[in-house]
Amino acid sequence: MKSSRAEGGAPVASHSHIGIGDEIYQLVAEIFPICRSVAGEGVRETLRRLQREIGLTIREVPSGTQAYDWTIPREWTIRDAYIRNAAGEKVVDFKSCNLHVLNHSAPVHTKMPLSELRHHIFTLPDQPDRIPYRKSAYAESWGFCMAHERLMALPDGDYEAVIDSSLEEGSLSYGEYVHAGTSDEEVLLSAHICHPSLANDNCSGLALLTQLAKGLSGRRTRYSYRFVFAPGTIGALAWLASNEPGTKRVRHGLVVSCVGDGGGPTYKKSRRGNAVIDRAASHVLRHAAPASAILDFSPYGYDERQYCSPGFNLPVGLFQRSLFGTFPEYHTSADDLDFVRPEHLASSYAMIDAILDVIENDFTPLGTLLKGERQLGRHGLYVGGDGAPATQASNMAMLWILNFADGHHTLLDIAERAEMPFAELLATARRLQDHGLLVR
Amino acid sequence: MKSSRAEGGAPVASHSHIGIGDEIYQLVAEIFPICRSVAGEGVRETLRRLQREIGLTIREVPSGTQAYDWTIPREWTIRDAYIRNAAGEKVVDFKSCNLHVLNHSAPVHTKMPLSELRHHIFTLPDQPDRIPYRKSAYAESWGFCMAHERLMALPDGDYEAVIDSSLEEGSLSYGEYVHAGTSDEEVLLSAHICHPSLANDNCSGLALLTQLAKGLSGRRTRYSYRFVFAPGTIGALAWLASNEPGTKRVRHGLVVSCVGDGGGPTYKKSRRGNAVIDRAASHVLRHAAPASAILDFSPYGYDERQYCSPGFNLPVGLFQRSLFGTFPEYHTSADDLDFVRPEHLASSYAMIDAILDVIENDFTPLGTLLKGERQLGRHGLYVGGDGAPATQASNMAMLWILNFADGHHTLLDIAERAEMPFAELLATARRLQDHGLLVR
Amino acid sequence: MKSSRAEGGAPVASHSHIGIGDEIYQLVAEIFPICRSVAGEGVRETLRRLQREIGLTIREVPSGTQAYDWTIPREWTIRDAYIRNAAGEKVVDFKSCNLHVLNHSAPVHTKMPLSELRHHIFTLPDQPDRIPYRKSAYAESWGFCMAHERLMALPDGDYEAVIDSSLEEGSLSYGEYVHAGTSDEEVLLSAHICHPSLANDNCSGLALLTQLAKGLSGRRTRYSYRFVFAPGTIGALAWLASNEPGTKRVRHGLVVSCVGDGGGPTYKKSRRGNAVIDRAASHVLRHAAPASAILDFSPYGYDERQYCSPGFNLPVGLFQRSLFGTFPEYHTSADDLDFVRPEHLASSYAMIDAILDVIENDFTPLGTLLKGERQLGRHGLYVGGDGAPATQASNMAMLWILNFADGHHTLLDIAERAEMPFAELLATARRLQDHGLLVR
């Protein structure tokens, strides 16, 4: 991203990319232990931590409030949860891992034989050493999650099950942060905040966007950038319901999740399929990684489902490394602080930054002379002598831009046609502008 | 095909698909022995047999009548035909196989040496044990067809050639049957009836469409269904010439031939290339069989050539199993009752039925709430609990429909985009309608 | 190319293709030794040689004249150039190969140690036995080109470097020839003339177009054909600057270069990408050679860059055998009279001729009966008897044309759809016209 003036060229965020991976990772590590849920103190605590980085506004939506087809659930407070055997030993303990309790579980204190208790225990038989993440936010239920091999090792007999939680009227919390640009046209950047201790899904998205927002502060941008950190589905719907008129200002957007693993990158297009964000992200990913996957929209995934519901149909895509649901660590205790790496967080950051650079800096160049090729040597612009091949990338970039600077092609159009990175064409276009060969 | 009301969901035809293959096969077997030609008693006898199943109207067009560039030929009557050797033994006998006589052959009674007679004998040197099917409806000529190995085995000498046929003024016959729907917009279903004993080409098409028509009777459909059983080329042209204004009512159509073998399925698109019938057939075949072939229109084939001639340009495609001309049994005595199988007839029936179901039932759904995703669990529609993956097909079908129920997409549009079978989306759409989440 | 009347069908040029390769090769061989440059006597001498074949007009543009962003350079006269060792032996001699002098080199007469002289010597380390072609037309400089292995073999010591050249005010020359057609709509055919002794690049293009122009003379054509033989870049720009209003008459065009080697064929599309010339050339090349390459426009290459600059955006593509820059002989002394072959020149000629035939003869046929298929047998047009397969190409050509002769498809449209050669459809269309089945 760049100032809307021609000068410049540096990425939107002021961080050097060296070290940004570590900064994001540090933040991931700090919010990882918090036991978040759809509504309750966990989300609030996480937002307060992010507030220490950026001037986040925390908004509260009371339980029972309608958001389209959904209702804000009660707040969940969890104090403790365990299963104790006859000998009084805890065989499952929330305090050792907050995935052990069914997220948003109702309270319970009971004793029952294992055969009965099993109906309340979720495991992953295919990954017997991992604890699954399960939730029950909209249907009252209680339960535990544990490693399958641990469950298998439990002797029959009676067990005491305790979940010291409460479900009470309160509010759902979400965070919002706006970086004001020269225009009130907006770029929406959204990450879900409802998962407990899952590092990639989605401490990584929250931390990356927070650092991105931090990097924007004090910079002059063309667009305004709106960051939304909200519980999945219901949080995005609550935001939409509270901001319906404002959604008309959204020109581009990204949902960001699972950005710390080494897979992908993956971009899932908006429902429109050919929005500028779709083209910009496809372009950047294609040049960033040969293994990148560009997927068509489908109505399953993260909060792009809400932003792209037909009544809004916003130009919002989904950026990830590995696609959700396709990696074995997904929604298990293996999605931990070892699974996400600073270098992957840094490269995700760089790609998102590059996508936003396209959005922020794209323009329609107009050559000051449209007839015949420019004599670049005379303007001191040609690399290599007279008769040297133009095939050097910098020469080719000039030739592409000047040939298509007819007022009908944006730089992104030209980058796609030339199959050259947007950043390189942008730098070249600025040089051509400086030499008077191009105007906007 | 379905009633145009929302209820229902069963295929248009009332037959159970179990047994339908046998019913079609039985009819194929009954009409197989008849010696049909372009015009004459053979076609009439076949039509009368079909009349026992459905209230077919038999229409007669007098010899000499002009149909665009063509003229209705004289009727052909064939009583007997044979070649007899010097010993008085019949070495070729029409009574053993009606392919032995050149179809529409002029009469002859002559004796000549084999060397001379050979100019009137058609064989297949590459398939020496098979009798070819040949005709000469528009140029007067006489001849025999026989197995090449039998011809090779004949000793030299004089042979007596007898064709006891007559070519006389009369009429060309075709059959027409209309199932009236709630609208006078029509679906045209056409099969050629001019071939003698060739089981796949086209006793199979005639029998399948007859059973389809039978299955329609008494059912309420959106479209009217017009069945045409006419001699190839000239019969279709005669029908077109007699029904020019009526062709404007044809919204969709299929030519049906060679539907009893185990190849394909094959769909050849209408000349328009993107008619609804083309999309519906492509969709159904893609899901029905990975080996299905979708071919672009070409001006060679069956009567789709006439329906798709530029002056009509009707949205009529061709449904087959193996493509005509590509299987060795094509136009030979090997296209017999062993070559067509009840199970293939049944699956062809099911595919045609599914194509017509798309045509009949496609509509443009409109969600009753377009903002945000529906909370399907609350409506009792979600399969699996809170937090269970939506990847179950039935959940995905709901999500696809609701996301695209914006009034701009038909169910077929959605089925193509979701790559899910139309029938499954239709059933899902009806369920969503029942729950008030969707209207038409 | 053909007269615009229906009769005929022979290629536009009157030459028999037998022998045309030898005629072109002979002309290549005659102009090969001339030391051309951007401006000077070399170009003039070449144009005078071409004038002996066709009534070429030689135009002169004075040095210093502005052509858009470029200025006509001074004329270059080269009399001699050599490097002499201490023993007085010439180790590099312009008289043995005119590539030895940097093209457009300033004069010099100096003595210096080899270590210093090397900065003025160009070689090809990767192809040590070949002399490179280098020029310096727009920056004053002096230098030599030589085989790398020869340079490596030179002992250290002082050498005498002599370039007996002059750079003086004069003019740039280009040749223009117009074959007038029945319309003043033009086909532009352009070849660059500035290279010294390089046979493929571009004696081949000059000679081929000259023979093509010669073949046109006295023939009646629909289009006028304008041939431009001009120095690369600046010559094309000078022509454009002098003929701006005239460029509006250009309907189609080809830049022709490197047409004597055995590679390709290659067609690079005009900037428009879907101009008729692009479709015609793609069609012809696809049928001419399975290995043909159809490339999208890029702003690097020959003078199509100027014709396709956005202020003109003319429908002009580039026809070559091997693509420039991709063959090792490119811009070296190996691009000699052994590298180009009469048979390749002949096949290039045939392909260009076929492309122009499409342009010249394409039309929109209209069937005289649009309803139903024609009974081709009755019109004496059907190959094979009644019931014989239509799959013979000549039958299929008739069926394709008649089915698409609805007034909305040109013959080229039909050729593309039928995947049949245009020439075959054209001959067929004429036969159908003769039989009254088709009008224009």
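## Side note on the overall build of chain A
Along its length, chain A carries 12 helices and 18 strands. Oriented by its inertia axes, the alpha-carbon framework of chain A measures out at about 90 × 40 × 35 Å. Pairs at least 24 apart in sequence give 79% of the contacts found in chain A among residues at least 6 apart. A total of about 15700 Å² of accessible surface is found on chain A, and carbon and sulfur atoms cover 49% of it. Counting 43 positive and 52 negative side-chain charges, chain A places the centres of these two groups 6 Å from one another.

## Observations regarding the domain arrangement of chain A
All names here are of chain A. What the domain assignment lists for chain A is domain 1 (4-72 + 171-357), domain 2 (77-168) and domain 3 (366-439). Its C-alpha centre places domain 1 at a distance of 31 Å from the equivalent point of domain 2. If you look at the interface, domain 1 gives 22 residues, while domain 2 gives 15 residues. Buried surface at the junction of domain 1 and domain 2, summed over both partners, amounts to about 1400 Å²; 59% is from carbon and sulfur atoms. For the interface between domain 1 and domain 2, the tally reads 0 salt bridges. Along the contact surface separating domain 1 from domain 2 lie 6 residue pairs in polar contact (both at pLDDT 80 or more). Classifying every residue of the side of domain 1 that touches domain 2 by side-chain character gives 12 nonpolar, 8 polar and 2 charged.

## Description of the relation of the copies chain A and chain B
Once chain A has been moved 0.1 Å along the axis and rotated by 120°, it coincides with chain B to within an RMSD of 0.1 Å. Classification of the inter-copy transformation places it as that of a three-fold axis. Across chain A, the rotation axis passes nearest the C-alpha of A:Asn274, at a separation of 13 Å.

## Structural notes on the packing of aromatic side chains
Within the structure shown, the criterion is met by 33 aromatic pairs over all chains. Seen from their ring centres, A:Tyr68 and A:Phe312 are 5.8 Å apart, and the 70° between their planes marks the pair as edge-to-face. Of the two residues, A:Tyr68 is situated in the loop between strand E2 (66-67) and strand E3 (70-71) and A:Phe312 in the loop between helix H8 (304-307) and strand E16 (316-320); the sequence distance between them amounts to 244 residues. Accessibility classification places A:Tyr68 together with A:Phe312 in one group, the buried group. By the ring-pair criterion, three or more aromatic residues cluster together here, those being A:Phe297, B:Trp400 and B:Phe404.

## What about the environment of C:Ala230?
Residues and elements named next belong to chain C. Of note, alanine 230 is situated in strand E12 (residues 224-230). With relative accessibility at 2%, the residue alanine 230 sits in the buried group. Setting aside anything within four residues of it in sequence, one finds alanine 230 in contact with Tyr174, Ala191, His192, Ile193, Gly235 and Ala236.

## Focus on the interface of chain A and chain C
Residue-level contacts link 23 residues of chain A with 23 residues of chain C. Summed over both sides, the interface of chain A with chain C buries roughly 2100 Å², with 50% coming from carbon and sulfur. Here chain A is connected to chain C by 5 salt bridges. In this structure, C:Glu244 engages A:Lys371 in a salt bridge whose closest nitrogen and oxygen atoms are separated by 2.8 Å. Of the residues belonging to the side of chain A that touches chain C, the class tally is 9 nonpolar, 7 polar and 7 charged.

## Concerning the sheet that holds strand E6 (residues 108-113) of chain A
Residues and elements named next belong to chain A. Pairing within the open sheet is antiparallel, and its 4 strands lie in the order E5-E4-E9-E6. Both outer strands of the open sheet, strand E5 (90-93) and E6, are each paired with one neighbouring strand and no more. If you compare each strand with its neighbour and ignore which way they point, the axes differ by 15° on average. The pairing of strand E4 (residues 75-84) with strand E9 (residues 158-168) spans 9 bridges and is classified as antiparallel. Paired with glutamate 75 across the two strands is glutamate 168, which belongs to E9.

## Description of unusual backbone geometry
Residues apart from glycine generally show negative phi values, whereas peptide bonds are mostly found in trans. Omega for the bond connecting A:Gly264 with A:Pro265 falls within 30 degrees of zero, at 5°, which places this linkage in the cis form. Position of A:Pro265 among the secondary structure elements: in the loop between strand E13 (250-256) and strand E14 (266-268). Although it is not a glycine, A:His104 sits at a positive phi angle of roughly 70°. A:His104 sits in the buried class, given a relative accessible area of 4%. For C:Tyr68, which is not glycine, the phi dihedral falls at a positive 55°. The buried category is assigned to C:Tyr68, whose relative accessible area is 17%.

## A word on the pattern of salt bridges
Applying the stated criterion across every chain yields a total of 75 salt bridges over all chains. Put simply, B:Arg49 and B:Glu30 hold a salt bridge, and the shortest N to O gap is 2.5 Å. In this pair, B:Arg49 sits in helix H2 (residues 41-51) while B:Glu30 sits in helix H1 (residues 20-31), placing the two residues 19 residues apart along the sequence. Residue class for B:Glu30 comes out partly exposed when judged on its relative accessible area of 32%. Taken together, the shared-partner salt bridges in this structure form one network comprising A:Glu30, A:Arg49, A:Arg52, A:Glu53 and A:Lys214.

Conventions and cut-offs
Residues numbered from 1 in each chain as written. Chains lettered and ligands numbered in written order. Predicted model: local features only at pLDDT ≥ 70, side-chain atom pairs only at ≥ 80, totals over all residues. Heavy atoms only, no water. Helix = DSSP H or I, 4+ residues; strand = E, 2+ residues; numbered from the N terminus. Contact = heavy atoms within 4.5 Å. Areas by Shrake-Rupley, 256 points an atom, 1.4 Å probe, with all protein chains shown as cover. Lys, Arg positive; Asp, Glu negative; His and termini not counted. Charge placed at Lys NZ, Arg CZ, Asp CG, Glu CD. Domains from an automatic or database assignment. Buried area = accessible area lost by both parts, 1.4 Å probe. Salt bridge = Lys/Arg side-chain N within 4 Å of Asp/Glu carboxyl O. Polar contact = N/O pair within 3.5 Å; in protein donor to acceptor, adjacent residues only side chain to side chain. Nonpolar A, V, L, I, M, F, W, Y, C, P; charged D, E, K, R; others polar. Least-squares fit on C-alpha atoms with pLDDT ≥ 70 in both. Phe/Tyr/Trp six-rings, centres within 6.5 Å; stacked < 30°, edge-to-face > 60°. Buried < 20%, exposed > 50% of the residue type's maximum accessible area, 1.4 Å probe, protein only. Pairing = 2+ DSSP bridges. Axes fitted to C-alpha atoms, helices over the stretch in contact; angles between N-to-C directions.

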